[in-house]
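Structure assessment
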Amino acid sequence: MLNHAPSVDSGEMVHRVLDESAVARFRSATRDGSGLPNECYTSPEWLKAENERIFARTWMLAGFCHDVPQPGDVSPVEMAGMPLIIVRDHDGMIRVFHNVCRHRGAVVVAKPCQRQSVLTCPYHSWVYGLDGSLRMRPHFFGGGRHDTNPGEDAPGLVPVRHAVWHDLVFVNISGDAPEFEDHWEPFARRTKDYDFGALRYATTLDFDVKGNWKLIYENFYDAYHVPTVHPKLEVFTPLDTRVAVDTEGPWFHNTSMIQEPQPGRGIGMPMYPGLDGKGQRTEWYFHLFPTTAIQIWPDQLAIFQLHALAPDRTMEHIHMYFVGDAATDEAYAGYRQDVYDMWNELNTEDFEIVENMQGARTSPGFDGGVLSPYWDPATQHFARLVTDFMH
Ligand code: FES
Ligand SMILES: [Fe+2]
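Heads up: these notes are all about the structure in this document. This structure is a prediction, so every number in the text was calculated from the model and none was measured.

1. Examining the sheet that holds strand 7 (residues 134–136)
Reading across from one edge, 5-6-7 is the order of the three strands in this open sheet, with antiparallel pairing throughout. Both outer strands of the open sheet, strand 5 (119–120) and strand 7, are each paired with one neighbouring strand and no more. As judged from the two bridges shared by strand 5 and strand 6 (residues 127–128), these two strands associate in the antiparallel manner. Along strand 6, the bridge assignment pairs Thr-120 with Val-127.

The following block contains the structure:
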């Protein structure tokens, strides 16, 4: 019943912006390559097409199990410009639905709510179960004549394909992305030594950035800017301990080695159980196209989530996890605050550059750039991924 076909109009625009010469640069050797053209960062029509062609068609981090801890808890979220709900069913399972009533299309759940036994539409009070099934339609056959038993074929809430990894809930709105296990396998393969089950959620840091989501995302995996933009980070993990990003399908990953622990970076918090000596000094950076980043440090997990609001405005959320009681125990409150202060400082440094570049994406003096053969193959890979989804 759902139509996920991208619009014809957006197809013409996509082929004009990502024309043959642009695509050839993304696919050539990096010394002859470039990143994406300016219009991809400034055009409202382009963002609309990204919603249709990228965000709706791949696996996206939509929310968290901790947002719906108890049966009957409901968390509304917006993905790819569409309203969804994450629901904890009576049996404890996570379910995801399009948050739109099958009658006249009202949003069913506007705000997070807890311990609901059913979901009732605010317009004409159609009642849905936590499994999405339609349960009751008051006055459906006339005043006082209710449909109390709509039956199994009645129009329930439309389910959304989803997958859960520990606390994280991913969705694939189009329903036809590759299996989640296959999508996730490059990460799972490289992180076998980490006991993610030992982690507890601590808090989320929110940032409102005046920049395109792709500038923020491309900056995530750009290690090249660290000596210039992040002086403290350069002391912690110098550039000569960093390697260029490796890519595998939707994944970008690299590592660095901790040289000098600092407040908020490797001081005071317990490490993942069972890490060997090298593991206790290694940081892993994973970036899952298009909008998720996962940073694994020996004593924390930071999940980055981007939410594109406009071509030049993005919400960035950093969801913080620590090992066991360190996530919540008062004894660790000062060390946790050091970590949050560190992320705030680091992000502020990055956002100045992102906002700087956003302004310059209107300049005819730039149209995709000239790349470093060592650091920037990932920028080309990102442009290829965008092209593959958008074309
Ligand atoms: S729109 Fe939901 S009951 Fe009418
Ligand atoms: Fe940075």
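Here the narrative resumes.
2. Quick word on the nonpolar core
Soluble, globular proteins show a tendency: their nonpolar side chains are buried together. Counting 73 residues, the largest nonpolar core has Leu-18, Leu-36, Trp-46, Val-171, Phe-252, Trp-343 and Phe-382 as its most contacted members. Looking at this core, the element that brings in the most residues is helix 9 (residues 333–360), giving seven residues. Residues from two domains meet in this core; each of domain 1 (63–164) and domain 2 (177–390) gives at least three. Leu-199, Ile-294, Ile-296 and Leu-301 belong to the second largest nonpolar core, which has 27 residues in total.

3. Re the coordination of the iron ion (ligand 2)
Taken together, His-225 (NE2), His-230 (NE2), Asp-350 (OD) and Asp-350 (OD) make up the protein donors of the iron ion (ligand 2), found 2.0 to 2.6 Å from the metal. What the four donor atoms of the iron ion (ligand 2) show is an angle range of 56 to 150° at the metal, which sorts the shape as irregular. When the donor residues of the iron ion (ligand 2) are listed from N- to C-terminus, their spacing reads H-x4-H-x119-D. Of this pair, His-230 sits in the loop between helix 7 (226–229) and helix 8 (231–236) while Asp-350 sits in helix 9, and the two are 120 residues apart along the sequence.

Conventions we followed
Residues numbered from 1 in each chain as written. Chains lettered and ligands numbered in written order. Predicted model: local features only at pLDDT ≥ 70, side-chain atom pairs only at ≥ 80, totals over all residues. Heavy atoms only, no water. Pairing = 2+ DSSP bridges. Helix = DSSP H or I, 4+ residues; strand = E, 2+ residues; numbered from the N terminus. Core = buried A, V, L, I, M, F, W, Y, C linked by side-chain atoms within 4.5 Å. Buried < 20%, exposed > 50% of the residue type's maximum accessible area, 1.4 Å probe, protein only. Domains from an automatic or database assignment. Donors = N, O, S within 2.8 Å, 3.2 Å for Na, K, Ca; no water. Tetrahedral: all angles 85-135°; square planar, octahedral: opposite > 155°, others 65-115°.

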